[in-house]
Amino acid sequence: MTDAFFTCQKNVLLAKSPSTQIEGVFAATRGGSVPEEQEALLQQWLEEGVENLSASESVPAVRKASVTLTSDWLEGSELLMTSLSDLNTSPEVTWCADQQLSELSASASSELQDHAVAELARLPAEETVTVGGSATWAAVVPQTDHQTANSAGINAEVLNDDPAVLAWSLACDAQTVPPVLPAQPIQDAVPFYPFPTEVPYHEILWRDWEDLSVQPCVLEQVSKNTPLFEFRVMSYNILAQDLVEQGLDLYVHCHPDILNWNYRLPNLLQEIQHWDPDVLCLQEVQENHYWEQMEPTFKEMGFACFYKRRTGTKTDGCAVCYKHSRFQLISLSPIEYFRPGLDVLNRDNVGLVLLLQPVLPESLGLKAVSPLCVANTHVLFNPRRGDIKLAQVALLLAEIDKIARTAEGSYYPVILCGDLNSVPDSPLYKFIRNGELSYHGMPAWKVSGQEDFSHQLYSRKLLAPLWPSSLGITDKCQYVTLCQPKKLGRREYSRDFLLQFRFCDVACERPPHLVLLEGVTDAKLVASAREHSAVTAVLKRHNSLSFLAKQWLFVCRCSGVIQHGLNLTSVYSHFLPQRGRPEVTTMPMGLGATVDYIFYSAEPVESKAGRRLYKDGALKLLGRLSLLSEDVLLMANGLPNPFCSSDHLCLLASFGLEISSL
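In this text, all values refer to a predicted model and were calculated from it rather than measured experimentally.

Caption draft 1: Examining the overall build of the protein chain more closely. Along the backbone of the protein chain there are 16 helices and 27 strands. Counting every position in the protein chain, which comprises 662 residues, the buried fraction comes to 51%. Excluding contacts between residues fewer than 6 apart, the proportion of contacts in the protein chain whose partners are at least 24 apart in sequence is 76%.

Below is the structure:
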């Protein structure tokens with residue numbers, strides 16, 4: 001006990017909550033300053049205990065002591081399904097010093113332990129502890145026997161280095177909470193003052209489940225007695241530990257203990273286990289943690305798991321897990337965005353695309369359900385390099401196009417998850433949702449909308465074409481080798497035919513009657529010798545082009561328009577109408593933003609003011625876990641915090657796939 005009194009570890013960081021509603025775990029601060037009165041009190045306990053020992057007994061060096069008042073706790077899943085009004089906890093306090101208690105429990109006498117317990121029990125019901133010069137935190141000390149009805153007795157136990165009693169298990173039955181006596185001052189000691197009562201973390205960060213099954217399209221489906229294959233999808237950036245340690249300046253608002261991986265991992269796993277998704281898409285998964293800890297745990301939970309580490313020297317990547325009782329794997333396609341020699345694809349981000357077959361219960365008989373394409377990615381963060389972000393997304397969409405395309409040319413339902421490092425209504429977001437983007441001349445920083453660099457004199461601009469033809473990706477985000485064959489009977493001036501002439505002298509010459517549009521029709525093209533020779537060979541077979549064809553060729557090559565045909569819309573609306581504030585999924589440096597998304601396939605109905613509107617098709621959105629606003633997260637000291645162990649919030653949605661007869 002040489003380092004006593006006690007510092008906050010796990011849930012004492014929750015001590016902004018009422019002391020009767022949280023569980024406290026306290027560990028001594030190494031090397032921290034200790035009031036002399038407190039140190040003298042502990043030394044007195046030790047000396048009195050030693051005097052009671054026989055001469056043949058010796059007292060080992062005490063480095064860790066523990067006194068715990070235990071009671072029955074609700075499990076995490078029970079807690080989150082309980083009304084907030086029913087949440088209340090019995091006090092549990094663990095007082096710890098610096099090291100293990102193994103030597104003490106083996107050789108120290110019971111008289112010394114009993115004496116220490118008795119002294120602790122006589123302390124006031126609520127005190128505050130100053131932690132190494134930081135703000136004071138409320139602490140609950142063990143109650144005496146007559147105060148602890150319906151609770152277990154006081155036990156001395158050995159604590160692990162990281163007790164990590166999960167923050168999700170916060171409550172017990174309200175009837176087991178003993179009354180709290182008023183605090184009394186300790187004679188000749190530094191006065192303690194109770195910490196002001198505030199709303200607990202689990203109430204601040206409470207997230208409602210929004211039932212969307214009452215939508216007209218879903219009700220119509222139910223009225224037809226058409227069954228649905230229901231499943232849940234979670235997307236979660238769990239914050240790789242290596243990235244925490246490389247950027248500690250981003251987390252100066254966090255107590256060091258809650259940034260410890262041994263603290264964060266149990267919190268993350270219990271959060272995932274509580275929401276019980278059928279498909280789990282994770283970003284920032286550290287490779288060694290995945291193989292050593294997460295994959296074995298997920299397999300025990302019934303998941304089949306696939307992982308792709310970022311290229312280069314990066315130590316984290318993306319993972320996609322699905323419950324093998326609900327889905328079977330049809331195909332798997334990992335994606336590396338890095339392409340040697342291409343400035344627009346020179347970063348180490350990755351993605352995963354899976355095609356899954358839902359498993360139907362045998363009781364349904366001769367029924368069938370469409371395969372499901374699930375994609376997961378983490379796009380480059382750099383706000384200044386929107387050109388790279390756009391190229392990475394185009395590569396991902398091309399891979400989805402290949403995996404999800406049916407033999408008839410349509411698409412299986414698609415769910416796209418990930419951290420796109422782009423805000424809602426940014427050009428990148430609009431491209432995914434509306435299926436089209438004109439990017440030529442656009443400042444690169446504007447693509448993601450993360451920051452405004454318009455004040456800078458020079459900024460990188462996107463020029464057409466964004467990527468070279470050698471990449472094998474068309475401006476419709478499809479692989480060239482997989483483009484649909486030309487339909488018979490098409491006229492000779494088809495799009496593919498005209499593109500053969502995009503570098504010929506006639507096409508590079510600006511038609512005299514073409515309207516001059518800055519950044520669109522004022523560009524000049526310079527063809528390489530190889531491209532020029534290829535065009536010459538084509539021109540030998542086709543001696544002339546019409547004026548309209550030449551004009552279209554010039555505009556097509558210079559306009560810089562990319563498209564895709566997947567018809568994707570977002571699960572979330574990105575706005576909280578009841579609060580009148582935008583939703584946020586992350587909060588770097590105290591500023592809330594939405595950068596995480598779940599997109600899913602829908603049917604377009606119309607377009608208004610450049611925004612495409614959708615309705616649910618074969619894949620129906622049945623519900624979602626609500627997000628929070630920036631002001632709410634500020635009340636909880638931002639992200640991460642003792643309750644949420646990542647700097648991102650998890651996204652969760654429930655879907656239904658139409659089940660049809662064979």
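Alright, that's what it looks like, and here's the rest.
Caption draft 2: Quick peek at the pattern of salt bridges. Under the counting rule described, the total for this entry stands at 16 salt bridges. Lys323 serves as the salt-bridge partner of Asp276, at 2.3 Å between the closest nitrogen and oxygen. Of the two residues, Asp276 sits in the loop between α8 (261–275) and β10 (279–286) while Lys323 sits in strand β12 (residues 316–323), which places them 47 residues apart along the sequence. Residue Asp401 is joined to Arg405 by a salt bridge in which the shortest nitrogen-to-oxygen separation is 2.9 Å. The same class applies to Asp401 and to Arg405, which are both buried.

Caption draft 3: Local environment of the pairing of strand β26 (residues 619–625). The buried fraction of β26 is high, at seven of seven residues. As paired strands, strand β8 (residues 209–211) and β26 are joined by three bridges and run antiparallel to one another. Paired with Glu210 across the bridge in β26 is Arg624. Bridge analysis of β26 against strand β27 (residues 651–661) gives five bridges, and the strand direction is antiparallel. Within β27, the position partnered with Arg624 by the bridge is Ala653.

Caption draft 4: Structural context of the sheet that holds strand β13 (residues 327–336). Here six strands make up an open sheet; going across it, the order is β13-β14-β16-β17-β23-β20 and the pairing mixed. Strand pairing shows two members of the sheet lacking a second neighbour, β13 and β20 (568–570), which therefore form its edges. Each strand of the sheet is rotated relative to its neighbour by a mean of 20°, with strand direction disregarded. Across the sheet, helix α11 (residues 427–434) touches β17 (414–419), β20 and β23 (596–601), and the angle it forms with β20 is around 125°.

Caption draft 5: Main features of the packing of aromatic side chains. For the structure on display, the rule yields 13 aromatic pairs. Residues Phe229 and Phe231 carry aromatic rings whose centres are separated by 5.9 Å and whose planes lie at 35° to one another, so their mutual orientation is tilted. There is no split in this pair, since Phe229 and Phe231 are both buried. Ring centres of Tyr429 and Phe599 lie 5.7 Å apart, and the angle between their planes is 50°; this geometry places the pair in the tilted category. Of this pair, Tyr429 sits in helix α11 while Phe599 sits in strand β23, placing them 170 residues apart in sequence. Under the relative-accessibility criterion, Tyr429 is labelled buried at 4%. You can call Phe599 buried: its relative accessible area is 0%. In this structure an aromatic cluster arises from ring pairing among Phe229, Phe231, Phe327, Tyr600 and Phe655. Arg232 extends its terminal NZ or CZ atom over the ring of Trp209, reaching a point 4.5 Å from the ring centre.

Caption draft 6: Structural context of helix α9 (residues 287–300). A rise of 1.5 Å per residue sets the reference length of α9, with its 14 residues, at 20 Å; its end C-alpha atoms lie 19 Å apart and thus fit the reference within 8%. Along its length, α9 shows its largest kink, about 45°, at Met294, and proline Pro296 lies within four residues downstream of that point. For α9, the full list of buried residues reads His289, Tyr290, Met294, Glu295 and Phe298. Downstream of α9 by one or two residues, Gly302 has phi in the positive range, about 95°.

Caption draft 7: Looking closely at the pairing of β17. Taken across its six residues, β17 has six buried, putting it largely inside the fold. Here β17 shows a buried face lined by Val414, Leu416 and Gly418 and a second buried face lined by Ile415, Cys417 and Asp419. Where strand β16 (residues 372–378) meets β17, six bridges bridge the pair, whose relative direction is parallel. Each residue of the ladder has a partner; that of Cys373, found in β17, is Val414. Note on the crossover from β16 through helix α10 (residues 386–404) to β17: the handedness is right-handed. Where β17 and β23 come together, five bridges link them in antiparallel fashion. Each bridged residue has a counterpart across the sheet, and for Asp419 the counterpart in β23 is Asp596.

Caption draft 8: Structural context of the environment of Pro413. Along the chain, Pro413 turns up in the loop between α10 and β17. Among the residues examined, Pro413 registers a relative accessible area of 9% and is labelled buried.

Caption draft 9: Layout of the nonpolar core. Counting residues in hydrophobic clusters, the biggest one holds 69 residues, and the most contacted among them are Leu205, Phe231, Leu282, Phe298, Ile415 and Phe655. Contact partners of Leu282, with chain neighbours within four places excluded, come to Tyr236, Ile238, Ile272, Met294, Phe298, Gly317, Cys318, Ala319 and Asn376. Judged by nonpolar contacts, the second largest core, of 46 residues, contains Tyr337, Ile400, Ile562 and Leu566.

Caption draft 10: Main features of the packing of α10 against α11. The geometry of α10 relative to α11 is characterised by a closest axis approach of 10 Å and an angle of 20° between their N-to-C directions. Viewed along their axes, α10 and α11 adopt a mutual orientation that is roughly parallel. Between α10 and α11 lies a crossing whose hand is right-handed. Of the residues in α11, those in contact with Lys389, Leu390, Val393 and Leu397 of α10 are Leu428, Phe431 and Ile432.

Caption draft 11: The arrangement of the side chain of Asp647 in detail. Relative to the helices and strands, Asp647 resides in the loop between α16 (630–635) and β27. Put simply, Asp647 is tucked away with no salt bridge, and the nearest opposite charge, on Arg264, sits 6.8 Å away. Separated by 3.5 Å, the side chains of Asp647 and Ser646 make a polar contact. The contact partners of Asp647, leaving out residues within four places of it in the chain, are Leu239, Tyr251, Thr585, Thr586, Met587, Leu639 and Pro640.

Caption draft 12: Expanded view of the confidence of the model for the protein chain. Of all residues in the protein chain, 59% attain a pLDDT of 70 or more, and the chain-wide mean is 74. The model gives residues 1–34 a pLDDT under 50, and that stretch makes 134 contacts with residues more than four places away or in other chains.

Caption draft 13: Expanded view of the environment of Arg460. Relative to the elements of secondary structure, Arg460 occurs in the loop between β18 (436–438) and α12 (495–499). Put simply, Arg460 and Trp445 are 15 residues apart on the chain and 7.7 Å apart in space, counted from C-alpha to C-alpha. In this structure, Arg460 is in contact with Asp343, Arg385, Asp387, Met442, Pro443 and Ala444, ignoring residues within four places of it in sequence.

Caption draft 14: Local environment of the packing of α8 against α9. Axis separation between α8 and α9 bottoms out at 12 Å; the angle between their running directions is 30°. Compared by their axis directions, α8 and α9 come out roughly parallel. The hand of the α8/α9 crossing is right-handed. Within the contact between the two elements, α8 uses Trp261, Leu265, Leu269 and Ile272 and α9 uses His289, Gln293, Met294, Thr297 and Phe298. Considered class by class, the residues forming the contact of α8 with α9 number six nonpolar, three polar and no charged.

Thresholds, definitions, all that
- Residues numbered from 1 in each chain as written.
- Predicted model: local features only at pLDDT ≥ 70, side-chain atom pairs only at ≥ 80, totals over all residues.
- Heavy atoms only, no water.
- Helix = DSSP H or I, 4+ residues; strand = E, 2+ residues; numbered from the N terminus.
- Buried < 20%, exposed > 50% of the residue type's maximum accessible area, 1.4 Å probe, protein only.
- Contact = heavy atoms within 4.5 Å.
- Salt bridge = Lys/Arg side-chain N within 4 Å of Asp/Glu carboxyl O.
- Pairing = 2+ DSSP bridges.
- Axes fitted to C-alpha atoms, helices over the stretch in contact; angles between N-to-C directions.
- Phe/Tyr/Trp six-rings, centres within 6.5 Å; stacked < 30°, edge-to-face > 60°.
- Lys NZ or Arg CZ within 6 Å of the ring centre and 35° of its normal.
- Expected span 1.5 Å × (residues − 1).
- Bend = angle between axes of the 7 residues up to and from the residue.
- Right-handed = clockwise from strand over helix to strand, strands pointing away.
- Core = buried A, V, L, I, M, F, W, Y, C linked by side-chain atoms within 4.5 Å.
- Parallel < 35°, antiparallel > 145°, perpendicular 65-115°, else oblique.
- Left-handed = near helix turned anticlockwise from the far one by under 90°.
- Lys, Arg positive; Asp, Glu negative; His and termini not counted.
- Polar contact = N/O pair within 3.5 Å; in protein donor to acceptor, adjacent residues only side chain to side chain.
- pLDDT = per-residue confidence, 0-100.
- Nonpolar A, V, L, I, M, F, W, Y, C, P; charged D, E, K, R; others polar.

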